[in-house]
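Examining the three-dimensional arrangement
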Amino acid sequence: MDYSWNFDIISRSWDLLLLGLANSVYLTAASFVLGLPLGLALALARLSRRKALSGLAGWYVDFFRATPSLVQLYWFYFALPQILNVQIEPGTAALLTLTLLSSAFVAEIFRGGIASLDKGQWDGARAIGMSYAQAMRRVILPQAIKRMIPIFLERAIELFKTSTIASVISFPELLFAAQDLAARSYRSLEVYSVVALIFMVTLISLSQITRRLELRLARSGETTTS
Amino acid sequence: MPEAIRAEKLFKSFGDQQVLAGIDLSVEVGETVVVLGASGSGKSTLLRCMNFLELPTGGRIYLHGNLVGTPLGNQADAKMKYAEPNLQRVRAKVGMVFQHFNLFPHMSVLHNIMEGQVTVLRRSRAQAESRARELLAKVGLADKADSYPANLSGGQQQRTAIARALAMDPEVMLFDEVTSALDPELVGEVLRVMRALREEGMTMIIVTHELGFAYHAADRIVFMDAGRVYEEGHPHDILIAPKRERTRQFLEGHNQFRLPEAGPLVASEQT
């Protein structure tokens, strides 16, 4: 193959790619952070003894886990505005979709983390007169969250990749910026190779952080034992 | 002595499996009662019902003569309704120590003992800390305040758990096989703490397999079988001269392989 590589377009448009990356990071970080409290609330609802509440939360989680994220995005961008009769910005639709999606996944992590704790921890907390809420806040969640941190970061990495769907509704994240550059320069090979590299470097460093965190958590004595 | 806690015709079933079958047990203030029985006889469930970690399916519990919960009707055997905040107050007054300690692994020893005082009793942190340190000294762990449970021996963890329960200033203490998970050489240090509590006049109900401890530390022994009190009485009467069949069988099983009596020289080496 005698393709002659030409990275001019990349060196000329670095700023556009960086802006795209910044938007991707913003979209991922914002939806992940917003999804955390929502996910916790969902997990608590699912664990609730009230059947209606836990059933509702179950439906929510199932909906977001069992439908393609692209379909969800289209729904929030094209369908929801029709119901509400308002205009929704691509950024808002993407943030909304990814936040709700993330909350559904995070809810399952919370639920698993809470359920994985030894029943004796509940006994210990309740035997000194703690209420359910006090036991959850002071005893159960701090331990569960510590165990969940690495899984949360895994989730954030997934979410970062999923955030590329926002390109289809013209939100200027990294993939959208790349499409734009590729279309203008006819240098698809160079542009998409570089973009793939950017994703790879970003996510591998993120997962390195995860691994280091995991090691540190495993080392600190207070995380183990029951 | 006045009555500290009383279970009256207590029933507990898990599904269709009946564990407590109408047990009656009354414990006086300052009394130490040891509960014996084969596994599955309902000892642990009795303790867990007495501080409402499990809700009894029938019967009544009185704390200092006060009925816990509200009867749903006027009959003597009317079902009880239990309000959670009420049960939380009862649990704070009826301390419990568990076989597997159930310490909070993410908190230091000191904070384990402060936690209930601050969260439940609303004591100031300073107050809670000074009480915690006092109790740590009492159970012989003054130097372990800043350690985490994972770095303690089983005996030390169990003494921490006793201190955590005592920090709530309980009126009754329940001990659920607290030495069963310990290496044999660590059992003594926990039993010594319990004996010291008895000497201070703490009201205690103790489920244990340590017959020697039961003999020396109990005011009364209750032998449970099939969810009922089968035989009860003075330690000597129950442990040395049991009258009923099941009690005898149980003790025979326990005493099958005994050491010969130790001479006075060995005994005096013990601290």
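This one's a predicted model, so the numbers in the text were calculated from it and none came from an experiment.

With that settled, consider the overall build of chain B. When helices and strands are tallied, chain B shows 10 helices and 12 strands. Here the C-alpha radius of gyration of chain B, 19 Å, is about what a compact globule of 271 residues would show, namely 18 Å. The buried share of chain B, reckoned over its 271 residues, is 53%. Contacts in chain B between residues at least 24 apart in sequence constitute 64% of all its contacts with a sequence separation of at least 6. With the model as given, the accessible surface of chain B reaches about 12600 Å², and the carbon-plus-sulfur share is 49%. Taking the average location of the 30 positive side-chain charges in chain B and that of its 33 negative ones, the two points are 6 Å from each other.

Bringing the overall build of chain A into the picture now. When its secondary structure is counted, chain A shows 9 helices and 0 strands. Beginning at the N terminus, the succession of helices and strands in chain A can be written as α-α-α-α-α-α-α-α-α. Considering only C-alpha atoms, chain A reaches an extent of 75 × 50 × 30 Å along its principal axes. Burial analysis of chain A (226 residues in total) assigns 46% to the buried set. The long-range share in chain A, meaning contacts at least 24 apart out of those at least 6 apart in sequence, stands at 74%. As displayed, chain A has an accessible area near 12100 Å², and 64% of this comes from carbon and sulfur atoms. In chain A, 21 positive and 15 negative side-chain charges are present, and the distance between their average locations comes to 13 Å.

Another point: a nonpolar patch on the surface. A cluster of nonpolar side chains, contributed by Tyr3, Trp5, Phe7 and Leu189 of chain A, occupies part of the molecular surface with about 380 Å² of accessible area. Looking at the secondary structure, you find Leu189 of chain A in helix H9 (residues 188–219).

Residues and elements named next belong to chain B. Overall, the coordinates contain 23 salt bridges over all chains when judged by the stated rule. For Arg6, the salt bridge is made with Glu8, and the minimal N-O distance between the two is 2.8 Å. Exposure remark for Glu8: the relative accessible area of 24% places this residue in the partly exposed category. If you follow the salt bridges from partner to partner, you end up with Arg123, Arg131, Glu134 and Asp169 in one network.

Once that is clear, we can look at the environment of Thr162 of chain A. Residues and elements named next belong to chain A. Mapping Thr162 onto the fold places it in helix H7 (residues 132–162). For Thr162, a relative accessible area of 17% puts it in the buried group. Along the backbone, Thr162 and Gln179 are 17 residues apart, and their C-alpha atoms lie at a distance of 16 Å. When residues no more than four places from it in sequence are discounted, the contact partners of Thr162 are Ser69, Leu98 and Leu101. Here Glu158 takes part through its backbone oxygen, which lies 2.9 Å from a polar atom of the side chain of Thr162.

All right, on to the interface of chain A and chain B then. Taken together, the 23 residues of chain A in the interface contact 26 residues of chain B. Across the chain A to chain B interface the summed buried area is about 2100 Å²; carbon plus sulfur atoms make up 56%. Linking chain A with chain B are 2 salt bridges, by the criterion used here. The shortest N-O distance in the salt bridge between Arg138 of chain A and Glu115 of chain B comes to 2.7 Å. Seen at the junction of chain A and chain B, the total is 7 residue pairs in polar contact (both at pLDDT 80 or more).

Take helix H5 (residues 90–116) of chain A next. Along its 27 residues, H5 of chain A runs 39 Å from first to last C-alpha, staying within 8% of the 39 Å computed at 1.5 Å per residue. The element H5 of chain A is largely enclosed, with a buried count of 20 among its 27 residues.

Our focus in this paragraph is the sheet that holds strand E11 (residues 220–225) of chain B. Residues and elements named next belong to chain B. On the basis of which strands lie adjacent, the open sheet formed by 6 strands has the order E8-E9-E10-E3-E11-E12 and mixed pairing. Every other strand in the sheet has two partners, leaving strand E8 (94–97) and strand E12 (228–233) as the edge strands with one partner each. Averaged over neighbouring strand pairs, the angle between their axes works out to 20° when direction is ignored. Where strand E3 (residues 32–37) meets E11, 5 bridges bridge the pair, whose relative direction is parallel. Bridge pairing in E11 places Leu36 opposite Phe223. Against the sheet, helix H1 (residues 43–50) contacts E3, E8, strand E9 (172–176), strand E10 (203–207) and E11, and its axis sits at roughly 150° relative to E9. This element, helix H2 (residues 84–93), spans E8 and E9 of the sheet and lies at about 65° to E8.

All names here are of chain B. Overall, antiparallel pairing links the 4 strands, which are arranged E2-E1-E4-E5 in an open sheet. Looking at strand neighbours, the two that pair on one side only are strand E2 (17–28) and strand E5 (66–67), the edges of this open sheet. With 5 bridges connecting them, strand E1 (residues 3–14) and strand E4 (residues 58–63) associate as antiparallel partners. Its bridge partner being in E4, Arg6 is matched across the sheet by Tyr62.

Residues and elements named next belong to chain A. Overall, the coordinates contain 14 aromatic pairs over all chains when judged by the stated rule. When the centroid spacing of 5.8 Å and the interplanar angle of 15° are considered together, the rings of Trp5 and Phe7 count as stacked. A relative accessible area of 39% places Phe7 in the partly exposed class. Ring geometry for Phe110 against Phe152: centres 5.2 Å apart, planes inclined by 65°, an arrangement best described as edge-to-face.

On to the pairing of E1 of chain B, then. Residues and elements named next belong to chain B. With 9 bridges connecting them, E1 and E2 associate as antiparallel partners. From the neighbouring strand, Leu10 faces E2, where its bridge partner is Ile23. Between E1 and E2, which pair antiparallel and follow one another directly, the connecting turn spans 2 residues, one of which, Gly15, has a positive phi of 65°.

The rules behind the values
- Residues numbered from 1 in each chain as written.
- Chains lettered and ligands numbered in written order.
- Predicted model: local features only at pLDDT ≥ 70, side-chain atom pairs only at ≥ 80, totals over all residues.
- Heavy atoms only, no water.
- Helix = DSSP H or I, 4+ residues; strand = E, 2+ residues; numbered from the N terminus.
- Rg over C-alpha atoms; globule rule 2.2 N^0.38 Å.
- Buried < 20%, exposed > 50% of the residue type's maximum accessible area, 1.4 Å probe, protein only.
- Contact = heavy atoms within 4.5 Å.
- Areas by Shrake-Rupley, 256 points an atom, 1.4 Å probe, with all protein chains shown as cover.
- Lys, Arg positive; Asp, Glu negative; His and termini not counted.
- Charge placed at Lys NZ, Arg CZ, Asp CG, Glu CD.
- Patch = residues over 30% accessible without salt bridge, like charges linked within 9 Å, V, L, I, M, F, W, Y side chains within 5 Å.
- Salt bridge = Lys/Arg side-chain N within 4 Å of Asp/Glu carboxyl O.
- Polar contact = N/O pair within 3.5 Å; in protein donor to acceptor, adjacent residues only side chain to side chain.
- Buried area = accessible area lost by both parts, 1.4 Å probe.
- Expected span 1.5 Å × (residues − 1).
- Pairing = 2+ DSSP bridges.
- Axes fitted to C-alpha atoms, helices over the stretch in contact; angles between N-to-C directions.
- Phe/Tyr/Trp six-rings, centres within 6.5 Å; stacked < 30°, edge-to-face > 60°.

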